[in-house]
Structures are given as structure tokens and as C-alpha cells.
Amino acid sequence: MKICDTVEEVRSQVKQWKKEGFSVGFVPTMGYLHEGHKSLMEKARQTCDKVVVSIFVNPMQFGPTEDLESYPRDLEKDAKLCETVPVDLIFHPQPEEMYKDGFCSYVDMNGLTTELCGKTRPTHFRGVQTVVLKLFHIVQPDYAFFGQKDAQQLAVIKRMVTDLNVDVKIVGCPIIREEDGLAKSSRNTYLNKEERQAALILSKSLAEGKKLIDAGEKQSAVIKKAIANVIETEPLARIDYVDVVDFDTITPVETLNGSTLVAIAVYIGKTRLIDNIIV
Ligand code: PAF
């Protein structure tokens, strides 16, 4: 497994692979890898001849008061996990390699990014789209794999690829959970023992929403209220949002119909966690 830190090295390796007729699967990450990331890498491994993983904590997608500095990093441990898949190449650039002096070009969109996480993180998706498009240009993958846990991100990337005619197939992969239901996330590491227990309220509340939907409830307002009521039973939890939106357009729906995303963001202490179901 190669670890490259320059765009040039990645380009020349991928060029060689393409010349030899290999397909390339790509998993973009910010590192501190867990079973959720591993499931994306395994899917890439099954789908493609070569697998590239990027590990880059992208400063552009963090707001001024967010956790860029404290975001967990451990390249050695990440590389070990990648070896087990196995991954063929890790791209681990420094910010200066991705954003040269004078950088001033961005990718943005009008729709999809104003609801859910876009409400409290107004510049987040611009940062995500910009870095992901750059990574696509660098890695030139045939397939790219994204987790459904970041469902809005997945919808945004699919839209961007369609709108900008990017020649890559986007594969959405299911949420991987701890045994007790907590969705795997690099940010779970911020939780102390008490908060870790309290964080179970996210998956519990969504299970309550799913139960109502399975029983035939179609009114978003009723589903949202039921989910919020469960979250509010947990003293350490503070709701950022509980929303029901169309999964493709990320616009609010009043009545469930088609592919619908039920998404929540909840602060557990200082840590903001997200989770969702698609129904
Ligand atoms: O989901 C993430 O880890 C990041 O948003 C991504 C897609 C790697 C872009 O920095």
C-alpha cells in the first residue's frame, strides 16, 4: 500500500493503473477511520480493481467556531486499518498541497444546502463540494463511495456530479452502527462515558419515528414531534434539528411520499451528532 502526499504522485499512479486497464474506486475521508469507513472501502474493493482512500481534514468545510483544530487524527492507525481491506493507495495531503497560495475558486449550489446541516453550517457544503470535486479531479475514480450517515452530503455530491457532468458513479452505502445502535462517527470519540450513554437517544428516537411510519403515519409534523419528544427525555441532549425532507432535493415534505429522509442533529453536551433513516 502506497501513502502519497502530493497530487503529482497520485496522478502518476492512477495514470499507470488506467493504462493497464484497471478500474479505480475512491473513498474520500477525513481520517480517524472506523468500521463505517471500512465498509465503504470494502464496497470499493468488491466493485473496483484498485482502491484509493483520501485522508484529509479539510479546513474549508469547518466554520470559524467548529472543531478543526481538535478533530481527531491518527495516520498510523488509519493506515493499519486500510491495510486490512486492503487499500492500494492512501492520499494524505497537507492543506498547502490542496490549497495553494491565492486559492479562490469554489463549488457551490443554490438548492440542497439550505436545509438540515446547511442551516447551522452555512459554508460547510461549499467546502465539501470544493474539496470533493478537487479530489475527483486528482484521483479520477470510476466509482466513489459515500456513507448514508451524511445523507445530505450524499445528496449534494450526487447533484453536483450530475450538474457538472463529472464522470464518476456515486455509490451510497448504509449506516454502520455500534451494537447498541449509535451510528459510528469519528466525533463519537469526543463523548465521555455519560454522554456516550446519552447519545443512544438519537437512534432510539429515530426507531420511534420508524415505528410510527411503519404503522402508516404520513404526516411529517406528527413524526417530527414524536422524535423530538423522545430526544427531550434525555437531559444531556439538545436538539439542533429534527426534519423530514425529500432525499433527492433536500426540501421539506409535509406528507411522506417517495424517498424521504428523516434526519436529526442533536448536541450531546458540546458534541453535535447526526443520524437519519430513509423511508
Ligand atoms: O464525509 C467526510 O468525511 C468529508 O465531508 C469528505 C467527504 C471526506 C470531504 O472532506
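Refer to the structure above for everything that follows.
Residues numbered from 1 in each chain as written. Predicted model: local features only at pLDDT ≥ 70, side-chain atom pairs only at ≥ 80, totals over all residues. Heavy atoms only, no water.

Chemist: Quick one: what's the story with the sheet that holds strand β5 (residues 143-147), residue by residue and with numbers?
Modeler: Strand order in the open sheet made by the 6 strands is β1-β4-β3-β2-β5-β6, with parallel pairing throughout. The sheet terminates laterally at β1 (2-4) and β6 (169-173), the two strands that pair on one side only. Each strand axis lies, on average, 25° off the axis of its neighbour in the sheet, ignoring direction. Two strands pair when backbone bridges link them, and β5 and β6 are joined in this way by 5 bridges, in the parallel orientation. Residue pairing across strands places tyrosine 143 opposite lysine 169, the latter belonging to β6. In this fold helix α3 (residues 75-84) packs onto β1, β3 (50-55) and β4 (89-91), with an angle of close to 165° to the strand it touches most, β3. Docked against the sheet, helix α6 (residues 124-139) engages β2 (24-29), β3, β4, β5 and β6, running at close to 150° with respect to β2. (Pairing = 2+ DSSP bridges. Helix = DSSP H or I, 4+ residues; strand = E, 2+ residues; numbered from the N terminus. Axes fitted to C-alpha atoms, helices over the stretch in contact; angles between N-to-C directions. Contact = heavy atoms within 4.5 Å.)

Chemist: For the side chain of asparagine 188, give the residues involved together with the corresponding values.
Modeler: Turning to its location among the elements, asparagine 188 is positioned in the loop between β6 and α8 (193-198). Here alanine 183 takes part through its backbone oxygen, which lies 3.0 Å from a polar atom of the side chain of asparagine 188. Other than its neighbours up to four places away in sequence, asparagine 188 contacts Leu182, Ala183 and Leu273. (Polar contact = N/O pair within 3.5 Å; in protein donor to acceptor, adjacent residues only side chain to side chain.)

Chemist: Got a sec to walk through the packing of aromatic side chains? Specific residues and values, please.
Modeler: Applying the stated rule across the entire model yields 7 aromatic pairs. Ring centres of phenylalanine 56 and tyrosine 99 lie 6.2 Å apart, and the angle between their planes is 45°; on these two criteria the pair is classed as tilted. A residue pair is termed long-range when its members are at least 10 positions apart, and phenylalanine 56 in the loop between β3 and α3 and tyrosine 99 in the loop between α4 (95-98) and α5 (117-120) qualify at 43 residues. Across the pair, exposure class does not vary: phenylalanine 56 and tyrosine 99 are buried alike. On the basis of an interplanar angle of 85° and a centroid distance of 5.8 Å, the ring pair of phenylalanine 103 and tyrosine 106 is categorised as edge-to-face. When its relative accessible area of 26% is taken as the criterion, phenylalanine 103 is described as partly exposed. Members of the aromatic cluster, each reached through a chain of ring pairs, are Phe56, Tyr99, Phe103 and Tyr106. (Phe/Tyr/Trp six-rings, centres within 6.5 Å; stacked < 30°, edge-to-face > 60°. Buried < 20%, exposed > 50% of the residue type's maximum accessible area, 1.4 Å probe, protein only.)

Chemist: With reference to specific residues and values, describe the environment of threonine 120.
Modeler: By the element assignment, threonine 120 lies in helix α5. Taking the C-alpha atoms as reference points, threonine 120 and tyrosine 143, 23 residues apart in sequence, are found 30 Å from one another. What threonine 120 contacts, discounting residues up to four positions off in sequence, is Asp240 and Arg272. Side-chain polar atoms of threonine 120 contact the side chain of aspartate 240, separated by 3.2 Å.

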